[in-house]
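# Notes for the structure review
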Amino acid sequence: MSGDFEFSVPVLVIGGGAAGAVAALAARAAGAAVLLVEQDAVPRGTTAMSQGLVCAAGTRQQAALGIADAADTLFADIMAKTRGETDPVIARAVADAAGPCLDWLTDSIGVPFELDTGFRAAYGHSRQRMHGWPGHGGTDLVQLLHQRLAEKGVDVLLQARLVDVARAADGAVTGVTLERPDGSRERIGCGALILASGGFAANPQMVATHMPEAALARHNGHEGNRGDGIRIGARLGGALADMASYQGYAMLADPQGITVPPGVIVEGGVLLNGLGERFVDETADIAGMVHPVLAQPDGRAWVVFDAEIEARNAYTLEIQGLNDLAAIRHVADAEALAALIGAPAPAVAATLAALHGRDAFGRAWAGERAPQAPFHAIRVCGGLYHTQGGLQIDGAARVLRADGSALPNLFAAGGAARGVSGPSYWGYLPAMGLGSALATGWLAGRAAAALTG
Ligand SMILES: Cc1cc2nc3c(=O)[nH]c(=O)nc-3n(C[C@H](O)[C@H](O)[C@H](O)COP(=O)(O)OP(=O)(O)OC[C@H]3O[C@@H](n4cnc5c(N)ncnc54)[C@H](O)[C@@H]3O)c2cc1C
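### As for the site of the ligand
In the vicinity of the ligand there are 44 residues, among which G15, G17, G45, G414 and G433 approach most closely. Mapped onto the shell around the ligand, the elements with two or more residues apiece are α1 (18-29), α2 (45-49), β7 (161-167), β16 (375-387) and α15 (432-452). No other element matches the five residues that α15 contributes to the shell around the ligand. Per-class residue counts for the shell around the ligand are 15 nonpolar, 24 polar and five charged.

Written as structure tokens, this is what we have:
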């Protein structure tokens, strides 16, 4: 495809989730005229399904609460969690950008982020660095970002899907073809293109190719994550990396489809299978735990906790939603818990009696709270939430070819780009999906504006 466009914009952003919205806001703040294109009638993306928690280091919110954190510390945590196997350039860029981006969103854009003091440092984070909007989740976050886009003068074109890209002889993108729901097409020129169209968890073929072991998990992300931007970027010469990387999640309430918040485990909850046995250190890995759950009889497990542990998580929208749907079952004692699970009572009693010291799975209970009767329990299954591999980018979110050279004016952010979760399912740090989406969106928006300004 080449040639004539109906009109042209300096910066064109594809995708109206967190990465695209932040990229567009950042480019606009840097003085560029921006058009954001979203395939859906209402922008939601995986962002809207999320808890809306963002990890970032060295923020104003942390400083106000006396939490000493810095980009260097976040970088070290990313490298440790990924066993040094993630791209250090992207890790450095995300670690450096996440804090300033969050402060900018709070102070200049008016997103009321606060530190989520209920979410302790866990699962690889050495500091308390979860930021959220109290009482609100991802749906409110994406709506607010779009409200800000309108206020800042960013044009948003809805119900337009990117299907093709035109480029010049030097490889520079010159414009795009968009398809409307009625099948009609339009062509728009651009000075720089930012692909922020999410990952590919909703594309069964790509999942089967790159992460076959995750194909068994229930997909719990946005249906628009078909990998369009990743495949189009690759056609333009972009290299792909870490395509087997993803966040699975072990605690998707079954059948309600609501995420049991990770804080339930962090505060002392445990997982029991249908035999009444534990099978994993639940605190070891937020994403990789999905596989031990998938391996249980029926691919199901029960999260067991108590009223105190629930109270510490009661501020989350998820606990409220789980209660609204009566997904949390209450039982008087171990015997009643066994009856609920359908497991032998002696097995359940023995499992619950062993929650002390360093248990057989390596979980340390010193100072941790083990659930006490009466018990609360939720049946869960394993879910595939979002992918973490994608287009190789540099520290300014420019898409790179396999030889390491940058495509002239193509950027990728969020789920469309290679993340910082390493090559597989065990490298994901909590809230890094949005942490890296915001950081790479911010970097891409600023760099695209500088390129076209
Ligand atoms: C249940 C759940 C909870 C989560 N909770 C958290 C959390 O609390 N913290 C965290 O950090 N991460 C969380 N995540 C992960 C996080 O939501 C994602 O990493 C993040 O939202 C990715 O943002 P994005 O902008 O890249 O993608 P998305 O939000 O998916 O946005 C991509 C957008 O691009 C559009 N699009 C796709 N293809 C095209 C096309 N061809 N043309 C036009 N538009 C297109 C889509 O419709 C979509 O709106 C969670 C994920 C799930 C599933």
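### Regarding the sheet that holds strand β3 (residues 54-55)
What the three strands build is an open sheet, ordered β3-β5-β4; its pairing is antiparallel. At either margin of the open sheet sits one strand with a lone partner, and together these are β3 and β4 (114-115). One ladder, built from two bridges, connects β3 with strand β5 (residues 130-132); its direction is antiparallel. Residue V54 lies in a different strand from β5, and its bridge partner there is H131.

### Some thoughts on the packing of α1 against α15
It is at 7 Å that the axes of α1 and α15 come closest, and there the two elements cross at 35°. Like other packed secondary-structure pairs, α1 and α15 cross with a definite hand, here right-handed. For the pair α1 and α15, contact is made by A18, A19, G20, V22, A23, A24, L25, A26 and A27 and by L434, A437, L438, T440, G441, W442, A444, G445, R446, A448 and A449, respectively. Looking at the contact of α1 with α15, its residues break down into 15 nonpolar, four polar and one charged.

Cut-offs and rules
Each chain carries its own residue numbering, running from 1 in the written order of its sequence. For a predicted model such as this one, the threshold for reporting local features is a pLDDT of at least 70, and the threshold for listing and counting side-chain atom pairs is 80 or more; totals across whole chains, interfaces and linings nevertheless cover every residue. Any residue whose backbone-placed C-beta atom lies within 6 Å of a molecule or strand is treated as near that molecule or strand. Where helices and strands are cited, they refer to DSSP runs of H or I of at least four residues and of E of at least two residues respectively, numbered from the N terminus. The classification used treats Ala, Val, Leu, Ile, Met, Phe, Trp, Tyr, Cys and Pro as nonpolar, Asp, Glu, Lys and Arg as charged, and all other residues, Gly among them, as polar. For two strands to be treated as a pair, DSSP must find at least two bridges joining them. For helices, the fitted axis covers only the stretch in contact; all axes are lines through C-alpha atoms, and the angles between them, taken along N-to-C directions, range from 0 to 180 degrees. By convention, the crossing between two helices is left-handed when the near helix turns anticlockwise from the far helix through less than a right angle, and right-handed when the turn is clockwise. Residue pairs qualify as contacts under a 7 Å threshold applied to their C-beta atoms, which are placed from the backbone.

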